[in-house]
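# Close look at the chain arrangement
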Amino acid sequence: MQGIITRGVGGFYYVLDAQGRTHQLRAQAKLRRAHLKPMVGDKVEFEPGTEEEDGWLKAILPRKSQLARPPVANIDTVLVVIAAAAPEPDLLMADRLLLAAREQGIEVVIAVNKGDLDPQTAEHIAHQYRGAGADVFPVCARTGEGVEALRARLRGHVHAVAGQSGAGKSTLLNALYGFGLQTGDVSQKIERGRHTTRHCELIPLEGGGMALDTPGFSLLETKLCDPVLLKDGYPEFAPYEGQCRFSPCYHATEPDCAVRAAVAAGEVDKERHARYVALLEEMRIRWRDRYG
């Protein structure tokens, strides 16, 4: 039989078949020997169990995409949730998520949540990403503002919700689809979100598509690449490629750089560009030390 992994907990995998039945399975030893770790979203072949015994996950079918964080496979869209306030938005991590998704051919939708707490910051964040190859939706999961438009944009898609802890991912999923997912407040003492989602879970939706709730995280490393290729993950740079004095151009400190001129003219967001330069320096160091 074939199905899709909707959840994995404690060595058990829960697979939804074409008839809508869920099977509890264990992975066969040959998958472990081949260092193949099943992921939520994987399409698999399996042998169903009996009332007394669990079934067996026998094979993982080829993946069209996968992300390391959140650890999911075969999604169409990643919904990146950024809180305008509480916790302080980590836009560098959001940039890393965009790069990871783009490298895998996964489209990105950005939800700027909690705009009711700080409307000015919410608009400032939205402005930074409107030219970054992603649709941006200002929303407020608590009041429902912007939720209907976001729901329409995601309809029919298999989408994972990702972002830092406390950004309101589960609350937003509850608002979008009427789920009863556990939610939590931001710790007032340390200004960080509490991890209310412990495991990835893929949830079928009425009318088609599936939503995937994922645990929040605070660390994400960008995939190692030749530093000169990092700029390819920034769609807002594309109109200026080939117009710089030097080729290739890193769009960082080079003179007569068309991207830097666009930043100075306000055509490319200066804060997005500054974070790009920081990621570029990090990538240069990692690339230099890759055999160390």
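Described below are features of the structure shown in this document. (Residues numbered from 1 in each chain as written. Predicted model: local features only at pLDDT ≥ 70, side-chain atom pairs only at ≥ 80, totals over all residues. Heavy atoms only, no water.)

## Here we look at the environment of Asp 42
Assignment of secondary structure puts Asp 42 in the loop between helix H1 (29-33) and strand E4 (43-47). For the pair formed by Asp 42 and Pro 235, sequence separation is 193 residues and the distance between their alpha carbons is 29 Å. Among the polar contacts made by the side chain of Asp 42, one reaches the side chain of Arg 63 at a distance of 2.7 Å. (Helix = DSSP H or I, 4+ residues; strand = E, 2+ residues; numbered from the N terminus. Polar contact = N/O pair within 3.5 Å; in protein donor to acceptor, adjacent residues only side chain to side chain.)

## Some points on the nonpolar core
Ranked by internal contacts, the top residues of the largest apolar core, which has 44 residues, are Val 80, Ile 110 and Tyr 129. For this core, the leading source of residues is helix H2 (residues 91-103), giving 6 residues. When residues no more than four places from it in sequence are discounted, the contact partners of Tyr 129 are Ile 82, Leu 91, Ala 94, Asp 95, Leu 98, Ile 110, Ala 134, Val 136, Arg 272 and Arg 275. (Core = buried A, V, L, I, M, F, W, Y, C linked by side-chain atoms within 4.5 Å. Buried < 20%, exposed > 50% of the residue type's maximum accessible area, 1.4 Å probe, protein only. Contact = heavy atoms within 4.5 Å.)

## Things to note about helix H7 (residues 270-288)
Given a rise of 1.5 Å per residue, 19 residues ought to cover 27 Å, and the 27 Å separating the end C-alpha atoms of H7 matches this to within 8%. Taken together, the buried positions of H7 are Arg 272, His 273, Arg 275, Tyr 276, Leu 279, Leu 280, Met 283 and Arg 286. Around the axis of H7, the buried residues are gathered within 155 degrees of arc, so they sit on the same side. The exposed residues of H7 that point more than 90 degrees off its buried face are Lys 270 and Arg 288. Buried residues in H7 make contact with H2, helix H3 (119-129) and helix H6 (258-264). Of the residues that open H7, the one with a side-chain oxygen 3.0 Å from the backbone nitrogen of Glu 271 is Asp 269. (Expected span 1.5 Å × (residues − 1). Arc of directions from axis to C-beta.)

## Concerning the packing of aromatic side chains
Using the criterion set out here, one finds 4 aromatic pairs in the structure. On the numbers, 5.1 Å between centres and 80 degrees between planes, the contact of Phe 237 with Tyr 276 is edge-to-face. With Phe 237 in the loop between strand E15 (210-213) and H6 and Tyr 276 in helix H7, this residue pair connects regions lying 39 residues apart in the sequence. A relative accessible area of 0% means that Tyr 276 is categorised as buried. An aromatic cluster is built from Tyr 234, Phe 237 and Tyr 276, whose rings are joined through pairwise contacts. Above the face of the Tyr 250 ring, Arg 284 is positioned so that its terminal group lies 4.3 Å from the ring centre. Sitting over the ring of Trp 287, Arg 290 keeps its end group 4.0 Å from the ring centre. (Phe/Tyr/Trp six-rings, centres within 6.5 Å; stacked < 30°, edge-to-face > 60°. Lys NZ or Arg CZ within 6 Å of the ring centre and 35° of its normal.)

## Here we look at the packing of H2 against H3
As a packed pair, H2 and H3 sit with axes 12 Å apart at the nearest point and diverge in direction by 30 degrees. In terms of axis orientation, H2 runs roughly parallel to H3. Crossing of H2 over H3 shows right-handed handedness. Packed against H2, whose contacting residues are Leu 91, Ala 94, Asp 95 and Leu 98, the element H3 presents Ile 125, Gln 128 and Tyr 129 at the interface. Taken together, the residues of the contact of H2 with H3 sort by class into 5 nonpolar, 1 polar and 1 charged. (Axes fitted to C-alpha atoms, helices over the stretch in contact; angles between N-to-C directions. Parallel < 35°, antiparallel > 145°, perpendicular 65-115°, else oblique. Left-handed = near helix turned anticlockwise from the far one by under 90°. Nonpolar A, V, L, I, M, F, W, Y, C, P; charged D, E, K, R; others polar.)

## Re unusual backbone geometry
Geometrically, the link from Ala 86 to Pro 87 is a cis peptide bond, its omega value of 10 degrees lying close to zero. Within the secondary structure, Pro 87 sits in the loop between strand E8 (77-83) and H2. With an omega of 0 degrees, the peptide bond running from Ser 247 to Pro 248 counts as cis. Mapped onto the elements, Pro 248 comes out in the loop between E15 and H6. For Ala 86, which is not glycine, the phi dihedral falls at a positive 50 degrees. According to the relative accessible area criterion, Ala 86 is partly exposed, its value standing at 32%. Positive phi outside glycine occurs at Asp 256, with the angle close to 55 degrees. For Asp 256, the position within the fold is in the loop between E15 and H6.

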